[in-house]
Amino acid sequence: MNVTPTNPRGPRGVEVVPELSLTRLSRPRKAWGRLSWIGFGLALALVSTPPAVGAPPAPTGAPPAAPKAEEKKPAVVPFELLASNHMVVRARVNGAGPFRLIFDLGAPITLLSPKASELSGVIKKGSARPMLFGARGEERVRSLKVGELTATDLPVVVMDHPTLRVLGGLLGRPLDGIIGFTFFARYKTTIDYAAREMTFEPVEFELPDLLKDLPARLAGPKVARRLVLAPGALFGLAVAEAADNPGAGVSVSAVAPGSPAEAAGLKPGDLLTTLDGRWTTSVTDAYAAAATLAPGHPVEAVVVRDGKERSLTVTPVEGF
Amino acid sequence: MADAQIEQRPWRHRAGLGTGLALVLATALAAAPEDGPKPEAPRDPDVGRAYRVPYRLTATNHFLVRLRVNGKGPFNFLVDTGAPAIFVSTEAAKKAGLKADPEAFWTTVGRLDVEGGAVLRDVKVRVEDPYQLVGMNALGLPGASIDGLLGFTALARFRIELDPTKDRMTWTRLAFNPPDPPAPRRNPGARPPAELQAMNALGGVAKFAAVLIGRQPEDVLLPRGSLGMELDDAANGVRVARVLPGSPAAKAGVRDGDQLVRVNGRPVGSAKEARKAAASVRPGDVVGLSLRGAGDQAERSCDVTAGEGF
């Protein structure tokens, strides 16, 4: 996988954050890429163990976790809500099962218990020496079917997760794993607790590779990246930190005559609190918000003037 | 049938898995059942409203959203369906002026604002430092200290739509109010099972590892500089549609109607390309423009010193 960000590199070693990419602001760093707290122990084990055991295979050519859009229409997956308020889905792994997996937006990886992994042929019985928490490193699942949805070639971490074991024991029914980011990042995921169902629509999203960059990161220099936040359009506005109102917004320090900002009614001295639904709590925040906007699209700017909140509509133009 | 029995004991076994939420699980075990579900709050006028919630994906593939707690903040919260409730770090609670009653397990927050517009009122939170927050913060994720976990009692009020290719989630308010978390049966200080203590110890390991490998440095985020020119795409290339009066471009002699040929030596074929060519310009930088006046054959160059603003 090519880990070089697609962002153009500017002069002086400055990386540019183009518009609409802010959610991935921290992504290219990949320092602890996909290291979960589950994965963290695993990572330590990998680092302290020769890579012969459990280390993911060296990637050859194509990214191993390239998005797979197997299904074209939204797939509905019902879930069971446990007494502990966790969502559980029934999944067939490589045709075996069903297994009971927790669906967890907070889990960066997909995890399968050693037992379920053996039953589904993900690992051979006694094939690898367990490490910390019975972790055996990353394996791949040929197919994982939940409801109407089948995901193929999915990376999983085989691990006997203590929390999962305790929870399964408390609830009186075993839990076989966790469905996490590596699965749901392939889809637009909708969770409806009231209807007790999820829907998945495939999207093209490139997944970073688990643990791959860790050794390099450990050895590499620890230099802060310099990122320039490039607004996506021209407003004609300058902002400064609001010394008397930290965290509330930024102070409008200048409005260019004839600019979209002036046309919208922004005035110097206004406290800009929100731009297109994003909080502008600092100058950096304001640029981050502006970086997601495009020319020609009207957006809401919320300002506080004379202690009163006002909602203004500003339509930025192409330019810089 | 087993499920049905479990369903009848809500809140008995409260657990968290999310980011490996063993401590949450330990906390959860202290939670006792109450006498049936509480009556639902009056219908929320926000039901049916959809909010576009900006989020950030960390280097560890965790989704962060920003919250204001009683108007203070913003604070970074992990979106975690594996957490049974809302957890606020002790430091964030202190900053927000949240006073945790030492006798009560849960603390009521009058108002919780989610960036994007959603508001939760009178919600119960647990003021605590789950180890994964301590550990992750020790490692210093880029630009993202984590102040809490947004779990089931917050998330279940919304239909949550998450598309990793978009920069926002969509949260639609449901006519569903999860029951308030119950008061704990046992002393919150009771020792969790040995395995959970082992998991909790990972927080300490993370801190130790952070000492060895060094805390990851924060990204330095810098504003781009501005020249104050409005551009549009013309038949023969990029046209300066308008120069804002008093702007750096105006001072340097850029005129309305000029054709913009190159930015810092880079040929630009569209307004978007021109903007990208200047994407890393910082205030104070000198930007070399190649321009051709309306009707002129010859190019002229113009050095513009970028100013502040956008």
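Residues numbered from 1 in each chain as written. Chains lettered and ligands numbered in written order. Predicted model: local features only at pLDDT ≥ 70, side-chain atom pairs only at ≥ 80, totals over all residues. Heavy atoms only, no water.

S.K.: Got a minute to help me understand the overall build of chain B in this structure?
M.R.: When you go through chain B residue by residue, the secondary structure sums to 8 helices and 17 strands. Look at the contacts in chain B between residues 6 or more apart in sequence, and 61% of them connect residues 24 or more apart. By element, 50% of the accessible surface of chain B is carried by carbon and sulfur atoms, the whole surface being about 12600 Å². (Helix = DSSP H or I, 4+ residues; strand = E, 2+ residues; numbered from the N terminus. Contact = heavy atoms within 4.5 Å. Areas by Shrake-Rupley, 256 points an atom, 1.4 Å probe, with all protein chains shown as cover.)

S.K.: When you look at the overall build of chain A in this model, what are you seeing that I'm missing?
M.R.: Looking only at helices and strands, chain A features 7 helices and 18 strands. Taking all 320 residues of chain A together, the buried fraction comes to 59%. Of the contacts made within chain A by residues no fewer than 6 positions apart, 64% connect residues no fewer than 24 positions apart. (Buried < 20%, exposed > 50% of the residue type's maximum accessible area, 1.4 Å probe, protein only.)

S.K.: It is not clear to me how the packing of aromatic side chains should be interpreted in this structure. Could you clarify?
M.R.: Here a ring pair, both rings aromatic, is described through the centre-centre distance and the interplanar angle of the planes. Across all of its chains, the model carries 17 aromatic pairs over all chains by this definition. An angle of 50° between the planes, with centres 5.8 Å apart, marks the rings of A:Phe181 and B:Phe63 as tilted. Of the two residues, A:Phe181 is situated in helix H4 (residues 181–184) and B:Phe63 in strand S3 (residues 63–69); the pairing between them involves two chains. This pair shows no difference in class: A:Phe181 is buried, exactly as B:Phe63 is. Ring geometry for A:Phe235 and B:Phe310: centres 5.3 Å apart, planes at 75°, overall edge-to-face. (Phe/Tyr/Trp six-rings, centres within 6.5 Å; stacked < 30°, edge-to-face > 60°.)

S.K.: Looking at this structure, I do not really get the pattern of salt bridges. What am I missing?
M.R.: A pair can form between side chains of opposite charge whenever their charged atoms are brought close. Here the structure, examined in full by the defined rule, presents 20 salt bridges over all chains. Between A:Arg140 and A:Asp153 there is a salt bridge whose closest N-O contact spans 2.7 Å. Note that A:Arg140 is positioned in strand S7 (residues 138–146) and A:Asp153 in strand S8 (residues 149–158), a separation of 13 residues in sequence. The shortest N-O distance in the salt bridge between A:Asp285 and B:Arg66 comes to 2.7 Å. Of this pair, A:Asp285 sits in helix H7 (residues 283–291) while B:Arg66 sits in strand S3, on two different chains. Note on accessibility: A:Asp285 and B:Arg66 belong to one class, buried. A single salt-bridge network, built from bridges that share partners, covers A:Lys188, A:Glu201 and B:Glu161. (Salt bridge = Lys/Arg side-chain N within 4 Å of Asp/Glu carboxyl O.)

S.K.: I'm lost on unusual backbone geometry in this one. Help?
M.R.: Where the residue is not glycine, phi is negative for most of them; where a peptide bond is considered, it is trans in most cases. Of note, the bond from B:Gly73 into B:Pro74 is cis; its omega dihedral lies within 30 degrees of zero at 10°. Structurally, the position occupied by B:Pro74 is in strand S4 (residues 72–79). Positive phi outside glycine occurs at A:Arg196, with the angle close to 55°. Assignment of secondary structure puts A:Arg196 in the loop between strand S10 (187–192) and strand S11 (197–202).

S.K.: Teacher, can you tell me more about H7(A) here?
M.R.: Side chains of residues three or four places apart in an α-helix project in the same direction, reflecting 3.6 residues per turn. Most of H7(A) sits inside the fold, with 8 of its 9 residues counted as buried. Those residues of H7(A) lying buried are A:Val283, A:Asp285, A:Ala286, A:Tyr287, A:Ala288, A:Ala289, A:Ala290 and A:Ala291.

S.K.: What's the story with the sheet that holds strand S9 (residues 158–162) of chain B in this structure? I'm lost.
M.R.: The pairing of strands in a sheet happens through backbone hydrogen bonds and is either parallel or antiparallel. Ordered by their spatial adjacency, 6 strands build an open sheet running S2(A)-S11(A)-S10(A)-S9(B)-S10(B)-S1(B), and the pairing between neighbours is antiparallel. One side of each edge strand has no neighbouring strand; the edge strands of this open sheet are strand S2 (75–78) of chain A together with strand S1 (50–54) of chain B. Pairwise comparison of adjacent strand axes, ignoring direction, gives a mean angle of 20° for this sheet. Sheet topology note: the S10(A)/S11(A) ladder contains 6 bridges and is antiparallel. (Pairing = 2+ DSSP bridges. Axes fitted to C-alpha atoms, helices over the stretch in contact; angles between N-to-C directions.)

S.K.: Looking at this model, I keep getting lost on helix H3 (residues 162–171) of chain A. Mind explaining?
M.R.: Residue and element names in this part refer to chain A. In terms of residue burial, H3 counts as a mostly covered element, since 7 of its 10 residues are buried. Listed in full, the buried residues belonging to H3 are Pro162, Thr163, Leu164, Val166, Leu167, Gly168 and Leu171. At the exit of H3 stands Gly172, carrying a positive phi of roughly 80°.

S.K.: Could you clarify how one ought to interpret the side chain of B:Asn177 in this entry?
M.R.: Residues and elements named next belong to chain B. Positionally, Asn177 belongs in the loop between strand S10 (168–173) and helix H6 (194–213). Given a relative accessible area of 15%, Asn177 falls into the buried group. A polar side-chain atom of Asn177 sits 3.4 Å from a polar atom in the side chain of Arg157. A polar contact is formed between the side chain of Asn177 and the side chain of Arg173, at a distance of 3.0 Å. (Polar contact = N/O pair within 3.5 Å; in protein donor to acceptor, adjacent residues only side chain to side chain.)

S.K.: Sorry, what's going on with the nonpolar core here?
M.R.: Ranked by internal contacts, the top residues of the largest apolar core, which has 73 residues, are A:Phe103, A:Leu144, A:Phe183, B:Val65, B:Met169 and B:Trp171. Top contributing element to this core by residue count: S8(A), with 5 residues. Among the nonpolar cores identified, the runner-up in size contains 25 residues, and A:Ala261, A:Ala264, A:Ala286 and A:Ala301 belong to it. (Core = buried A, V, L, I, M, F, W, Y, C linked by side-chain atoms within 4.5 Å.)

S.K.: What am I meant to see in the side chain of A:Thr189 here?
M.R.: Examined against the element boundaries, A:Thr189 turns out to sit in strand S10. Of the residues examined, A:Thr189 reaches a relative accessible area of 1% and is grouped as buried. Engagement of the side chain of A:Thr189 in a polar contact is seen with the backbone oxygen of A:Phe184, the distance being 3.5 Å. If sequence neighbours within four positions are ignored, A:Thr189 has contacts with A:Phe103, A:Phe184, A:Thr199, A:Phe200, B:Ile160, B:Glu161 and B:Leu162.

S.K.: Quick question: what am I supposed to make of the confidence of the model for chain A here?
M.R.: Reading fine detail from the predicted coordinates is not recommended where pLDDT is low. Residue and element names in this part refer to chain A. Scored by pLDDT, chain A has a mean of 75; 69% of the residues are at 70 or more. The model gives residues 1–13 a pLDDT under 50, and that stretch makes 25 contacts with residues more than four places away or in other chains. Contacts from residues 17–71, a stretch scored under 50 in pLDDT, to residues over four places away or in other chains number 170 contacts. (pLDDT = per-residue confidence, 0-100.)

S.K.: Just checking my understanding: could you explain the confidence of the model for chain B for this structure?
M.R.: Residue and element names in this part refer to chain B. Averaged over chain B, the pLDDT score is 78; the fraction of residues at 70 or greater is 70%. Considering only residues more than four positions removed or in separate chains, one finds that residues 1–39, a stretch of pLDDT under 50, has 124 contacts. Taken as a whole, residues 192–204 scores under 50 in pLDDT and shows 29 contacts with residues more than four places along the chain or in a different chain. Two summary scores accompany this predicted model of the complex, namely pTM at 0.76 and ipTM at 0.78.

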